[in-house]
Amino acid sequence: VDGELPAPKLPLIPGHEIVGRVEEIGRDVKRFREGDRVGIPWLGWTCGECKFCRSGRENLCDRARFTGYNIDGGYADLAVADARFCFPIPDGFEDIAAAPLLCAGLIGFRALRKCGDPKRLGLYGFGAAAHIICQVAQFEGRKVFAFTRPGDTETQKFAQRLGATWTGGSDQAPPEKMDAAIIFAPVGALMPVALRHLEKGGMVISAGIHMSDIPAFPYQDLWGERALCSVANLTRRDGEEFFEIAPRVPIKAETETFPLEQANEALSRLREGKLNGAAVL
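These numbers were taken from a predicted model, which means no experiment stands behind them. (Residues numbered from 1 in each chain as written. Predicted model: local features only at pLDDT ≥ 70, side-chain atom pairs only at ≥ 80, totals over all residues. Heavy atoms only, no water.)

Looking at the sheet that holds strand β5 (residues 87-88)
Backbone-to-backbone hydrogen bonds pair the strands of a sheet. The strands run either parallel or antiparallel. Here three strands make up an open sheet; going across it, the order is β1-β2-β5 and the pairing antiparallel. Of all strands in the sheet, those bounded by a partner on one side alone are β1 (18-21) and β5. Of the strand pairs in this sheet, strand β2 (residues 37-40) and β5 are connected by two bridges, and their pairing is antiparallel. Across the sheet, V38 pairs through a bridge with P88, a residue of β5. (Pairing = 2+ DSSP bridges. Helix = DSSP H or I, 4+ residues; strand = E, 2+ residues; numbered from the N terminus.)

Quick look at the structure:
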């Protein structure tokens, strides 16, 4: 068992951002028809009965199942999905542009909404999720401060092109205090760093499932009703809201495509920080 996630299904077909057309539907499915284009996200099933499901927090369901983890995913010709957890893909998005929206976009959007209504938003780690959420935040009139690995001027230029107000290394201070910050990089040491740059009442959100340990920091940095919070998974309501706003922005996902046979190369380049935007198979 990995943290609070259930044990993965083994053997497993990976792939948790799936875009495809419906080939066949179950007899009780009313939302979709054969031929519809749909997206299958990370959250693949919840029990609907637990205290979390019954209180609008199905993302915390103890029995939840996840695409490409407990449920066979998209590295295949065909996939089976629960229609209740799929989303129709807006017409303005080609398949390749739509795929990153189904995890990077959705988790990033949930993290953004957990921030409240920040006027000045910091994004630490400017990859697949951050480059999508930067566009949403700018559309909503927020100032975006994009933090990259120190010295990564190429990614900083990428963030500027997408509308970031300021860009710099994660070892730098933003030009003004932030109302909220989202940590996309799996680096626990960034949590207290971001905390020090928050306005009173601000929040730092960790948007990843995995993160290295958070080092100790002075209580003074937290005082003033600042807060640290994690984001876990997503709800179907997150998806509905996100796919409503995405065409209005409109979000332009920066993608680099790879044939399925090069999946391991794509993953290696992701780990090494050598991708701008999202990799799509």
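Details of helix α7 (residues 236-245)
Among all positions in α7, only D238, G239, F242, F243 and I245 are buried. Seen from one end, α7 has its buried residues packed into an arc of 160°, which puts them on one side. Structural note: α7 exposes R237 and E240 on the side pointing more than 90 degrees away from its buried face. Buried residues along α7 sit in contact with β5, α2 (104-114) and α3 (128-139). (Buried < 20%, exposed > 50% of the residue type's maximum accessible area, 1.4 Å probe, protein only. Arc of directions from axis to C-beta. Contact = heavy atoms within 4.5 Å.)

A few points about the environment of S55
Counting through the fold element by element, S55 comes out in the loop between β3 (43-45) and β4 (65-66). The exposure class of S55 is partly exposed, given its relative accessible area of 39%. Between the C-alpha atom of S55 and that of S170, which follows or precedes it by 115 residues, the distance is 37 Å. Polar side-chain contacts of S55 include one of 3.0 Å to the side chain of R57. (Polar contact = N/O pair within 3.5 Å; in protein donor to acceptor, adjacent residues only side chain to side chain.)

Focus on the nonpolar core
If you look at the biggest cluster of nonpolar residues, it comprises 55 residues, and the most contacted ones within it are L123, F126, I182, F242 and I251. When contributions to this core are tallied by element, the ones reaching two or more residues are α2, β6 (120-124), α3, β7 (143-148), α4 (153-161), β9 (178-183) and α7. A total of seven residues in this core trace back to one element, the largest contributor, which is α3. With residues near it in sequence (within four places) discarded, I182 still touches A111, L112, C115, L121, G122, L123, Y124, I205 and A207. Core analysis: the second largest hydrophobic core is formed by 15 residues, Y124, M191, L198 and V204 among them. (Core = buried A, V, L, I, M, F, W, Y, C linked by side-chain atoms within 4.5 Å.)

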